[in-house]
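Structural overview for review
Residue-level listing of the chains:
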Amino acid sequence: ERITMPLLSNERLSKTVADDLQRKIISNKLEVGDQLPTEPKLMEEYGVSRTVIREAAACLVSRGVVDVRPRRGMTVRPPDGKGLAESLIAQLQMSKVSLPQLLQVRAVLETAIVKLAAEQRSAEDLERLRHNLKRMKADDLDRHQAIKVDLEFHDLLAAATHNPFFTLVSRPITELLYSIYINKSGYMSFRSQTSSEHASIVDAIEGKDAEGAAASMQKHLDRVGTTVEELLAENDGEIG
């Protein structure tokens, strides 16, 4: 049944369509990878132009709700906070927020995460964390791989809380740090220190020592704050 859309500008129309599609994705409990109707079907359903449908799709992509691929159209994507990460990177580049402010937020968030992880972690969580520690020490890791393993560690900590909101909130900061580290050759000189600090955090989590885990995380993040400043100095303070 065709939906009668109000007389609005293309921009308002596309947001209305995007909001309705997002509501349907949620209410119909669509799974990651499920396809939405094709452009012609959506044009007919909403009684709008191809331009409006494409703008609505772009809106949903920016929200991190769907992916758009050739010959597949819109598909539901996993919630991963990527859009928020891109926004944070842009904000930092435009000096709307400072790196110390971001790291302060990270310290509050990550110390809370490790406390909960110490209380809630499963045997499987510990196994994944120990495997990550082993990978971090591997001799054959290049810089890109080492950074990914490093940041995956923080994803695993968030997962060990068994509260998915911690992953959604912490991952954008992780993505942002990846964008900072990736072009910095000096990152590898801190890898053994990072490994040791990560191991201390995991030991505390394994021992269900919430306060010890928080103290180890705070020590790690204090050092990381200094490291980031040194790495940024490589390129005269540029981010990216």
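In what follows, the structure referred to is the one given above.
In this numbering scheme, every chain counts its residues from 1 along its sequence in written order. Selection of residues for local features in this predicted model requires a pLDDT of at least 70, selection of side-chain atom pairs for listing and counting requires 80 or more, and totals for whole chains, interfaces and linings are taken over all residues. With hydrogens and water excluded, all non-hydrogen atoms of the structure serve as input to the side-chain values.

This part covers the packing of helix 6 (residues 123-136) against helix 9 (residues 191-206). Here an axis means a line fitted to C-alpha atoms, over the contact stretch when the element is a helix, while the angle between two N-to-C directions is reported on a 0 to 180 degree scale. The helix and strand labels rest on DSSP assignments: H or I over at least four residues marks a helix, E over at least two residues marks a strand, and numbering proceeds from the N terminus. Orientation of helix 6 relative to helix 9, taken along the N-to-C sense of each, is 165 degrees, at an axis distance of 10 Å. Comparing the axis directions of helix 6 and helix 9 gives the class roughly antiparallel. When the axes of helix 6 and helix 9 are compared, the crossing they make is left-handed. Residues Leu126, Leu129, Arg130, Leu133 and Met136 of helix 6 pack against Arg191, Thr194, Ser195, His198, Ala199, Val202, Asp203, Ile205 and Glu206 of helix 9. Convention used here: angles under 35 degrees read as roughly parallel, angles over 145 as roughly antiparallel, angles from 65 to 115 as roughly perpendicular, and any remaining angle as oblique. In this scheme, a crossing is called left-handed if the near helix is turned counterclockwise away from the far one by less than a right angle; it is called right-handed if the turn is clockwise. It only takes one pair of heavy atoms within 4.5 Å for two residues to be counted as in contact.

Criterion for a salt bridge: a side-chain nitrogen of Lys or Arg within 4 Å of a carboxyl oxygen of Asp or Glu. Inspection of the entire model under this criterion finds 17 salt bridges. In this structure, glutamate 39 engages arginine 50 in a salt bridge whose closest nitrogen and oxygen atoms are separated by 2.5 Å. Of this pair, glutamate 39 sits in helix 2 (residues 39-46) while arginine 50 sits in helix 3 (residues 50-62); the two residues are 11 residues apart in sequence, bridging distant segments of the chain. In this structure, a network of salt bridges that share partners links the residues Asp20, Arg23, Lys24 and Glu45.

The criterion for strand pairing is that DSSP finds at least two bridges linking the strands in question. Relative to strand 2 (residues 73-76), strand 1 (residues 66-69) runs antiparallel, the two being bridged by 4 bridges. Following the sheet pairing, aspartate 67 is matched in strand 2 by threonine 75. Taking the residues that link successive antiparallel strands as the turn, the strand 1-strand 2 hairpin has 3 residues, and the phi of arginine 71 there is positive, at about 70 degrees.

This brings us to the layout of surface pockets. In this structure, the second largest pocket spans a volume of roughly 250 Å³. Among the secondary structure elements, those contributing two or more residues to the lining of the second largest pocket are helix 2, helix 3, strand 1 and strand 2. Among the elements that line the lining of the second largest pocket, the one with the most residues is helix 3, at 4 residues. Here the lining of the second largest pocket is composed, by residue class, of 8 nonpolar, 3 polar and 5 charged. Each cavity reported here is a set of points on a 1 Å grid over the protein atoms alone in which a 1.4 Å probe fits but cannot get out, each pocket an open set with protein on both sides within 12 Å along at least five of seven lines, and each lining residue one with an atom within 4 Å of a point. Grid points are joined across faces, edges and corners, and a volume is the space filled by probe spheres set on the points. Classes in brief: Ala, Val, Leu, Ile, Met, Phe, Trp, Tyr, Cys and Pro nonpolar; Asp, Glu, Lys and Arg charged; the others, Gly included, polar.

A word on a nonpolar patch on the surface. Residues with no salt bridge and a relative accessible area higher than 30% make up the patches, which join like charges within 9 Å and nonpolar side chains (Val, Leu, Ile, Met, Phe, Trp, Tyr) within 5 Å. Working definition of accessibility: Shrake-Rupley area with a 1.4 Å probe, residue cover restricted to the visible protein chains. On the surface, a nonpolar cluster with roughly 290 Å² of combined accessible area is contributed by Phe165, Leu168 and Val169. With respect to the element layout, valine 169 can be found in helix 8 (residues 164-181).

On to empty space enclosed by the protein. For the structure shown, the criterion picks out 1 cavity of 30 Å³ or more. When its volume is computed, the largest cavity comes out at roughly 80 Å³. Around the largest cavity sit Arg106, Asp150, His154, Tyr181, Tyr187, Phe190, Thr194, His220, Arg223, Val224 and Thr227, which together line it. If you tally residues by element for the lining of the largest cavity, the top one is helix 10 (residues 210-232), at 4 residues.

Moving on: the nonpolar core. Ranked by size, the top nonpolar core spans 47 residues in total, and within it Val114, Leu157, Tyr181 and Ile205 carry the most contacts. Breaking this core down by element, the ones donating at least two residues are helix 5 (99-120), helix 6, helix 7 (143-159), helix 8, helix 9 and helix 10. The contact partners of leucine 157, leaving out residues within four places of it in the chain, are Glu110, Ile113, Val114, Ala117, Leu129, Ile201, Ile205 and Met217. What is meant by a nonpolar core is a set of buried Ala, Val, Leu, Ile, Met, Phe, Trp, Tyr and Cys residues, joined one to another through side-chain atoms within 4.5 Å. Relative accessibility under 20% of the residue-type maximum defines a buried residue, over 50% an exposed one, and the middle range a partly exposed one, all with a 1.4 Å probe and only protein chains included.

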